[in-house]
Amino acid sequence: MADGHLFVDSQENSTLCRLSSAEEVEKLIKVFSTNTSSSWRFQTIDKTYGITVNKPELNKLEGRRIFFESDFIPFDGTPFLLMGRKVMSCHQRPDFDRAQKAKRKSQREAKQEHHSFSKHRQLAQNTKKMDCPAKIQVRHALMFPQYKISENIASARRAGSKSVKEALLQGNIEAKSVFFICFPEASYHKNHPLIGPIGNGMIYIPTTGTYQSLT
């Protein structure tokens, strides 16, 4: 699958795109958000996501596991390292700070009881989250195309993995950063309304700027 390519998995109701930089990922997320009238918030981002690894530093990665496929990264024979992930949640996501907010509220109430005759500023009401599970998932992989295997069998994967690790140790290997981004279809959104075509059983294809029906 070449960079910039995508495929639509109608069973999983998602769109998977392959890009060559973190900057392209950000641009595509903005396009997706605008054209689907959706809004997203950071949930998780690994420290090593998006970092550039120069050839002299590749030997430091020798101890990492070599993959040939992973979640959101289909098998095409190319071995790779997972450098990091980034997850963005729908703005109506579950309230991940619920426990902290409850703790702060209890502390405020205890303080107000202690100073019952003091003036307090009026606090804004909590925004109610709708527990929407929809997410945009991004995986950053460091790929080694010169060690591509032809068959997805255990012996080929073991041999390919061994060759990559030996080359990493010697620092004699070409590596290419690739970013896989998985966009959810409208049916992943729950407990809140959707506006526009995506709310009517359509999935938005960000690299072509078109909608496709999954029915």
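Residues numbered from 1 in each chain as written. Predicted model: local features only at pLDDT ≥ 70, side-chain atom pairs only at ≥ 80, totals over all residues. Heavy atoms only, no water.

### Examining the overall build of the protein chain
No. 1: Assigned secondary structure in the protein chain consists of three helices and eight strands.
No. 2: Tracing the protein chain from N to C terminus, the helices and strands come up as β-β-α-β-β-α-β-α-β-β-β.
No. 3: Residue burial in the protein chain is summarised as follows: out of 215 residues, 34% are buried.
No. 4: Considering only contacts in the protein chain between residues 6 or more positions apart, those separated by 24 or more positions represent 76%.
No. 5: When the accessible surface of the protein chain is summed, it comes to about 13,000 Å², and 49% of that surface belongs to carbon and sulfur atoms. (Helix = DSSP H or I, 4+ residues; strand = E, 2+ residues; numbered from the N terminus. Buried < 20%, exposed > 50% of the residue type's maximum accessible area, 1.4 Å probe, protein only. Contact = heavy atoms within 4.5 Å. Areas by Shrake-Rupley, 256 points an atom, 1.4 Å probe, with all protein chains shown as cover.)

### A closer look at the state of the cysteines
No. 1: Summed over the entire model, instances satisfying the criterion amount to zero disulfides.
No. 2: With no disulfide partner, Cys132 has as its closest neighbouring cysteine sulfur the one in Cys90, 3.8 Å distant.
No. 3: Judged by its relative accessible area of 1%, Cys132 is buried.
No. 4: Lacking any disulfide linkage, Cys182 is separated from the closest cysteine sulfur, that of Cys17, by 8.7 Å.
No. 5: The class for Cys182 is buried, based on a relative accessible area of 9%. (Disulfide = S-S within 2.5 Å.)

### Looking at unusual backbone geometry
No. 1: Despite not being glycine, Phe72 has its phi angle at roughly 70 degrees, a positive value.
No. 2: Following the sequence through the fold, Phe72 ends up in the loop between β3 (40-45) and β4 (80-90).
No. 3: Residue classification places Phe72 among the partly exposed positions, given a relative accessible area of 27%.

### Some remarks on the environment of Val25
No. 1: Relative to the assigned elements, Val25 resides in helix α1 (residues 22-36).
No. 2: By relative accessible area, which is 0% here, Val25 ends up buried.
No. 3: A sequence separation of 113 residues divides Val25 from Val138, and the C-alpha atoms of the two residues are 8.2 Å apart.
No. 4: Contacts of Val25, omitting those with residues within four sequence positions, involve Leu19, Tyr49, Val138, Phe179 and Ile181.

### Details of the pattern of salt bridges
No. 1: A full pass over the atoms with the stated rule returns five salt bridges.
No. 2: Close ionic contact of Lys86 with Glu26 constitutes a salt bridge, the shortest N to O distance being 2.1 Å. One end of the pair, Lys86, is in strand β4; the other, Glu26, is in helix α1, and 60 residues separate them in sequence.
No. 3: Owing to a relative accessible area of 29%, Glu26 belongs among the partly exposed residues under this scheme.
No. 4: In this structure, the salt-bridge partner of Asp46 is Arg85, at a minimum N-O distance of 4.0 Å. One end of the pair, Asp46, is in the loop between β3 and β4; the other, Arg85, is in strand β4, and 39 residues separate them in sequence.
No. 5: For Arg85, a relative accessible area of 35% corresponds to the partly exposed category. (Salt bridge = Lys/Arg side-chain N within 4 Å of Asp/Glu carboxyl O.)

### Topic: α1
No. 1: Given a rise of 1.5 Å per residue, 15 residues ought to cover 21 Å, and the 21 Å separating the end C-alpha atoms of α1 matches this to within 8%.
No. 2: Buried within α1 are the following residues: Ala22, Val25, Leu28, Ile29, Phe32, Ser33 and Thr36. Relative to the axis of α1, the buried residues are bounded by an arc of 135 degrees and lie together on one face. In α1, the exposed positions angled more than 90 degrees off the buried face are occupied by Glu23, Lys27, Lys30 and Thr34.
No. 3: Downstream of α1 by one or two residues, Ser37 has phi in the positive range, about 50 degrees. (Expected span 1.5 Å × (residues − 1). Arc of directions from axis to C-beta.)

These results come straight from atomic positions and should not be treated as a statement about function.
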